[in-house]
Every structure is written in C-alpha cells, then in structure tokens.
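# Fold and geometry: a report
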Amino acid sequence: MAEIILIGDPVAHSRSPAMHNAALAALGIAARYRAVQTTAAELPARIAALRQPQFLGANVTLPHKQAVMPLLDELDPLAARIGAVNTIVRQPDGRLLGTNTDAPGLLADLAAAEWSPSGQEVVILGASGAARAAAFALADAGIASLTIVNRNLMRAVDLAAAAAANQPALRARALALTDPAVAEAVAACTLLINATALGWHDDETPLPDPPVRPHCLVYDMVYRETALLRAAAARGARVRDGRGMLVEQGALAFERWTGRPAPRAMMWQAAFGVEHGP
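Definitions and limits used
Residues numbered from 1 in each chain as written. Predicted model: local features only at pLDDT ≥ 70, side-chain atom pairs only at ≥ 80, totals over all residues. Heavy atoms only, no water. Core = buried A, V, L, I, M, F, W, Y, C linked by side-chain atoms within 4.5 Å. Buried < 20%, exposed > 50% of the residue type's maximum accessible area, 1.4 Å probe, protein only. Helix = DSSP H or I, 4+ residues; strand = E, 2+ residues; numbered from the N terminus. Contact = heavy atoms within 4.5 Å. Pairing = 2+ DSSP bridges. Axes fitted to C-alpha atoms, helices over the stretch in contact; angles between N-to-C directions. Phe/Tyr/Trp six-rings, centres within 6.5 Å; stacked < 30°, edge-to-face > 60°. Lys NZ or Arg CZ within 6 Å of the ring centre and 35° of its normal.

## Some words on the nonpolar core
Core analysis: the largest hydrophobic core is formed by 34 residues, its most contacted members being Leu 106, Ile 124, Leu 138, Leu 146, Leu 191, Ile 193 and Met 221. Among the elements of the structure, α4 (102-112), β7 (121-125), α5 (129-141), β8 (145-150), α6 (153-164), β10 (191-194) and β11 (217-220) are those that each provide at least two residues to this core. The greatest single-element share of this core, amounting to nine residues, is contributed by α5. Here Ile 124 is in contact with Ala 131, Ala 134, Ala 135, Leu 138, Leu 146, Thr 147, Ile 148, Val 149, Ile 193 and Ala 195, once residues within four sequence places are set aside. Core analysis: the second largest hydrophobic core is formed by 23 residues, Met 19, Phe 254, Trp 257 and Ala 262 among them.

See below:
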C-alpha cells in the first residue's frame, strides 16, 4: 500500500489523516495517510525515507516548512519564491519536489468568504512558513498594503521586503508585536490574519483585544474558534477560522499526489463533520 505522511511537531491535533484517508478510500486509491511526529533532529532521516517507492509524498507543518527546503531535490517556482514548503511530491525516479499549496488554499478560502484582495489593507501576525505563504499570495493578488507583525522584528522585516520585491505598488512594512503602531495598523486594516500557532491551546492569543473595525475580516489559520476570533466578533468584525484553508490546501496536495480530482465535500465531512464550510 502506498503511503503519504504528515511531518511536524506537534501533529497529534491534525485533522489531515481523517480528511485524506476518507478521500483516498472514496476514490479507491490503495494508500494511507498518517501523521508522524518529527523533531528537528529527525527531519533529515524522515525526508530521506520519502524516496522509497511506497511513498507518494508528504505534507509538512510547523515548525519544518522552511527547514525542509534544503533536504529536497527541487522546488517549484512558487515554493522557491515563498521560501516555504508544505507539500512534497515524490517523483517516479525518487526525486523529491517541494511545493506550496498554502498560498492558493488561502486565496481560495478568502474567495469563498467573498473577500477580494484588490486594493485591500492587510495585517499578518507572524513570520513563519504559513505567514510567508499568505504574504506572497496576497501581494501577488493585488493588495494595496501589507504589514507584518512579529515578536522577532528582523524576521518581519525580511518577510515584508521579500513580499514587496517586484511589487512597486505595494506598501509594505514590518512591526514588532510590542510596537504601539500595531494598534493603528490593525484598526485600519481590512484583513487581519493570524498565522502564528497561538490559538491552538486554551485562550492564548497574539492580540488580547484587537482594535478591529466592522469593515475588517479577521482570519485565523487555526481551525477552531479562538480567543482572537471571539474578541474580533465582539467588536463587530467578520471572522473566519482556518478550516477552509486546511481543506483547500489539502485538496490541492491530494491532486498533486494522486493525479485525481479531490472530493472536497467528503474531505470537509471527514475533517469537521460538515459537508462544506461556512
């Protein structure tokens, strides 16, 4: 039986195995998908094992989306530009291709939320691989301004500069999370994205009381109701969690591994108990 694995640390919370195994079974594909806890020290050996013929590929999640890149044989242009990989496709000769389905997955889910990027003011919390995917996707889609907010300011500076390269019309800047200007940027933005891992546990949040306004969509990549979303909704903003992005990026990866159209409604049902998203 063929195999696909999820590589990350942690992975126990992931809905991806249920989602992908349901899709594989529905299409009669003799393969299984499983989550494999992988520390940084274990990462090189885990990637090397993917060259074995039983593997179709892998997903990569926190914290390995950037660290995995030098371990692969090839990156497609999107992944190379973003500087992060969330999907690995094993080629027939055993070579490993890295790609990124987070970026198109996010845009597809924003479109489902009837949010159009053109001319919008965006704030992204975080500078990880998921934040990089969001920043490049939205910059390419025609937003007017981009603010990257991160605890480590230099990582935010690097991401803002990279996303704005070859985008002369884009206004991009970086702020430390403790900068007083963050409140002003959040109040003005039309899309606020949490691309940090803060939100998976209890009431942790990157912004305890985000000063968002009703014209803003607050999007949390964490696929549960978070403290950030509750606080934003209390202020009258539209809110959306990361379930749609998870399903869409997973469907795009599934299609790369199998060459078959992904059964998205079934993937929603398997992952979240509903046939489609909000």
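## Concerning the sheet that holds β11
Here six strands make up an open sheet; going across it, the order is β9-β8-β7-β10-β11-β12 and the pairing parallel. Pairing within the sheet leaves two strands with one partner each, and these edge strands are β9 (171-176) and β12 (238-240). Taken pair by pair, the neighbouring strands of this sheet meet at an average axis angle of 15°, ignoring direction. Sheet topology places β7 next to β10; four bridges connect them, and they run parallel.

## Here's the deal with the packing of aromatic side chains
Summed over the entire model, instances satisfying the criterion amount to four aromatic pairs. Between Trp 200 and Tyr 223 the ring centres are 4.8 Å apart and the planes differ by 85°, which places this aromatic pair in the edge-to-face class. Remark: Tyr 223 occurs in the loop between β11 and α8 (227-234) and Trp 200 occurs in the loop between β10 and β11; sequence separation between them is 23 residues. Using a relative accessible area of 10% as the deciding quantity, one classes Tyr 223 as buried. Relative to Phe 272, the ring of Tyr 223 has its centre 5.7 Å away and its plane inclined at 70°; by these criteria the two rings are edge-to-face. One end of the pair, Tyr 223, is in the loop between β11 and α8; the other, Phe 272, is in helix α10 (residues 264-272), and 49 residues separate them in sequence. Residue classification places Phe 272 among the buried residues on the basis of a relative accessible area of 17%. Taking NZ or CZ as reference, Arg 243 lies 5.9 Å from the ring centre of Phe 272, over its face.

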